[in-house]
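Each chain, letter by letter, is given below.
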Amino acid sequence: MAYEDPRALPLVLLVEDDPEDALIVRELLEDSAVAVRLEWARSLDEARRVLAGHPVQCVLLDLGLPDANDLSALTVMREASDDAAVVVLTGRSEERAGLAAVAAGAQDYLIKGQVEGEWLGRALRYAIQRKQAEQAAVALQTERVRAKENARLERGLLPTPLLQHMPIDVATRYRASRVSGTLGGDFFDVVEADDKVVHAVIGDVCGHGPDEAALGVCLRIAWRTLVLSGLTGVALLRRLERILRAERGDSEVFTTVSTLMLEPDQRTVRVWRAGHPGLLVHSGDELSWAEVGHGPALGLPIEADWHEGVIELPEGGGLTLFTDGLFERRLPGAEPRWLGERGLLDVARRCAHLGGEEFVDALIAGAEEATASNASADDVAVVHLRWREEP
C-alpha cells in the first residue's frame, strides 16, 4: 500500500538495547513488503517517552533488556500504550519466555536468528490485526454490559403506571441525551391510591450518567412507596429530600421534582413543584402554561418551603409534564437563542388537537424540528395525563 505522506505510515517501535540486533531488524523490515516507520528505543524509559508522544501501532520488544526482569518489560509496554500490539523478541534458548509472553498478553513472539523479512512483515501485520480484533471484542462486550445496565436502570426510572379503576389515559416518553447516549437522572411515575386519587411525579437529578440514573431510580421508588403509604404534598417532598441527601454521592447534587394529585372528581389537581418547570394544561384543543405550587429544588442549601397549587380542569381535561431537556435547546442561527418555554408552548399548541400518544410524539418531534441539528444535550422525559370523557 502506497502512502503519499510518510507520517501516515504505521509506526513500529523497536525496543532493543543491542545495536547489531536493531540493525538486523531494520534490514529485515526493509526486505519485507510492509511499509512502516521504525522508531528505535534502547531502554524501557526511552520506549515510554516514545509511546507517550506518538501513536504506535506495534512494539517489537526484546525481553532481554538490562532494565527489565522476566516479563516486566511486557507489563510496562502494555501499561504505557494498551492500543499497541506487542511482538516479543527472544533468543533461541528462550522460546518458553516467548510463549509465556503471549499468554501474558503479547500478540506474538519471534526467535532472533530465525526470522526472515517476509516472516517479520507477516508477524507485524497479524499482530496488529489481532490487537484490533481484541479491542473490538472488548468494546463490544463493554457495550453489551452498558446496554444491560441501561436496560436495568430504565426499568427503574420508567415504570409501568400503577392504575386500578380511574378513567385516565397515560402516555410517557423518555429520550436519552443525544450527546452522551446514556441514561441520566430523569424519572417519572403514575400510581392510583386506594382512595382513587391518581398521583404523578416527574423529576430530574442534575447531571448525566449511571450515578445520576441510579439516584433517580432510588427517588422514584421512594416516591411510589411513600405515596402508597399515604404521604403527600410537602411532607412527601421533605421525605424525598431527606432520602436524596442520604443517597447522593456529592453534596452539590440536587433534584427538581413536580408531584401531583389528581382528585377523583376529575377536575381538581393539586401540584407541588420543587424547582421543576411548569406544565401544560389541556382544555379541549386549547393549551395553556401553568406555574403553580412553586418551591426550591430538593437538596439545595437554602431554607425555604414548598407551596400547594391548585388547577381546575374542564371536563376531559389533562396535563403534560416534562423535564427541561424538552425546551432548553438552542435554535439555529449565529445568535444564541433558545426554544424556551414560550417556544415549547407554540409547538404544543400546533399539535393540541392530538390525543395521548400522538400528542407526546408530535411535541417531542416539534421541539426537535424547531431546533434542527441543535438537539438537546439533556435527557427528555414527558408524561401526558388526560381524563377520558364518560359516555
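Above this text is the structure in question.
This is a predicted model, so every value here is computed, not measured. Every residue gets a number counted from 1 within its own chain, in the order that chain's sequence is written. Per-residue local features of the predicted model are confined to residues with pLDDT of at least 70, and side-chain atom pairs are confined, for both listing and counting, to 80 or more; whole-chain, interface and lining totals are unaffected and use all residues. Values shown for side chains rest on all heavy atoms present in the structure; no hydrogens or waters enter the calculation.

**Some thoughts on the overall build of the protein**
The cut-off we apply is this: For helices the rule is a DSSP run of H or I covering at least 4 residues; for strands it is a run of E covering at least 2, with both sets numbered from the N terminus onward. Burial classes follow relative accessibility: with a 1.4 Å probe on protein chains only, a residue under 20% of its type's maximum area counts as buried, one over 50% as exposed, and anything between as partly exposed. When checking whether two residues touch, look at their non-hydrogen atoms; a contact exists if any pair is within 4.5 Å. Using a 1.4 Å probe, the Shrake-Rupley method yields the accessible areas, and only the shown protein chains count as cover for residues.
When its secondary structure is counted, the protein shows nine helices and 15 strands. Per-residue burial for the protein yields a buried fraction of 48% across its 391 residues. Partitioning the intrachain contacts of the protein with sequence separation of at least 6 by distance along the chain shows that 69% fall at a separation of at least 24. Element-wise, carbon and sulfur atoms account for 49% of the exposed surface of the protein, whose accessible area totals about 19500 Å².

**A closer look at unusual backbone geometry**
The residue lysine 196 is not glycine, and still its phi comes out positive at about 70°. Locating lysine 196 in the fold gives a position in the loop between β7 (184-192) and β8 (198-208). Residue lysine 196 is classed as partly exposed on the basis of its relative accessible area of 41%. The phi dihedral of glutamine 266 is positive, around 60°, even though this residue is not glycine. Within the secondary structure, glutamine 266 is located in the loop between β9 (255-262) and β10 (268-274). Among the residues examined, glutamine 266 registers a relative accessible area of 16% and is labelled buried.

**Quick notes on the pairing of strand β4 (residues 85-90)**
Within a regular beta strand, the side chains point alternately toward one face of the sheet and then the other, so they alternate between its two faces. Put simply, the rule is: Handedness of a crossover is defined as follows: with both strands directed away from the viewer, a clockwise route from the first strand across the helix to the second makes it right-handed. DSSP calls a pair of strands paired once it identifies at least 2 bridges connecting them.
Across the six residues of β4, six count as buried, placing the element largely inside the fold. Residues of β4 alternate between two faces, with Ala85, Val87 and Leu89 on one and Val86, Val88 and Thr90 on the opposite face, all of them buried. In the classification by handedness, the crossover that spans strand β3 (residues 58-62), the intervening helix α3 (residues 72-80) and the parallel β4 is right-handed. The pairing of β4 with strand β5 (residues 108-111) spans four bridges and is classified as parallel. Paired with leucine 89 across the strands is leucine 110, a residue of β5.

**Some details on the nonpolar core**
Quick note on the threshold: What makes a nonpolar core is a set of buried Ala, Val, Leu, Ile, Met, Phe, Trp, Tyr and Cys residues whose side-chain atoms join them at distances within 4.5 Å.
The biggest cluster of nonpolar side chains holds 25 residues, and the ones touching the most others in it are Leu13, Val15, Val56, Val59, Leu61 and Met77. Those elements that provide at least two residues to this core are β1 (11-15), α2 (44-53), β3, α3, β4 and β5. Residues in contact with leucine 13, not counting those within four places in the same chain, are Glu39, Ala41, Ala47, Val50, Leu51, Val56, Cys58, Val59 and Leu60.

**What to know about the packing of aromatic side chains**
Put simply, the rule is: Two aromatic rings from Phe, Tyr or Trp, using only the six-membered ring of Trp, form a pair when their centres are within 6.5 Å; if the ring planes differ by under 30 degrees the pair is stacked, by over 60 it is edge-to-face, and anything between is tilted. Over a ring means this: the NZ of a Lys or the CZ of an Arg is within 6 Å of the ring centre and within 35 degrees of the ring normal.
Under the defined criterion, the tally for this structure stands at three aromatic pairs. Centroid distance tryptophan 289 to phenylalanine 322: 5.5 Å. Interplanar angle 55°. Geometry classified as tilted. One end of the pair, tryptophan 289, is in strand β12 (residues 286-290); the other, phenylalanine 322, is in strand β14 (residues 318-322), with 33 residues separating them in the sequence. With a centroid separation of 6.3 Å and an interplanar angle of 80°, the aromatic rings of tryptophan 289 and phenylalanine 327 are classed as edge-to-face. Taken together, the positions of tryptophan 289 in strand β12 and phenylalanine 327 in the loop between β14 and α8 (340-350) put the pair 38 residues apart, joining distant regions of the chain. The ring of tryptophan 40 has arginine 42 lying over it, and the distance from NZ or CZ to the ring centre is 3.7 Å.

**Re the sheet that holds β7**
The following threshold applies: Interaxial angle, 0 to 180 degrees, is taken between N-to-C directions of lines fitted to C-alpha atoms, where a helix line uses only the stretch in contact.
Reading across from one edge, β7-β8-β9-β10-β13 is the order of the five strands in this open sheet, with antiparallel pairing throughout. Each edge of the open sheet carries a strand with a single partner, namely β7 and β13 (309-312). When the angles between neighbouring strand axes are averaged without regard to direction, this sheet yields 15°. As judged from the eight bridges shared by β8 and β9, these two strands associate in the antiparallel manner. Bridging from a neighbouring strand, aspartate 204 pairs with threonine 256 of β9. Each of β7, β8 and β9 touches helix α6 (residues 210-228); the most contacted strand, β7, lies at about 15° to it.

**A closer look at the sheet that holds strand β6 (residues 168-175)**
If you walk across this open sheet you meet the five strands as β6-β15-β14-β11-β12, and the pairing is antiparallel. Both outer strands of the open sheet, β6 and β12, are each paired with one neighbouring strand and no more. Adjacent strand axes in the sheet meet at a mean angle of 15° when their direction is disregarded. Direction of pairing for β6 relative to strand β15 (residues 380-387): antiparallel, over a ladder of eight bridges. Within the sheet, the bridge partner assigned to tyrosine 174 lies in β15 and is alanine 381. Relative to the sheet, α8 contacts β11 (279-283), β12 and β14, its axis offset from that of β12 by approximately 160°.

**Focus on the pattern of salt bridges**
We apply this condition: Put simply, a salt bridge is a Lys or Arg side-chain nitrogen that is within 4 Å of an Asp or Glu carboxyl oxygen.
Taken as a whole and assessed by the stated rule, the structure comprises 17 salt bridges. Among the ionic pairs, glutamate 308 bridges to arginine 270, the shortest N-O distance being 3.0 Å. Of the two residues, glutamate 308 is situated in the loop between β12 and β13 and arginine 270 in strand β10; the sequence distance between them amounts to 38 residues.

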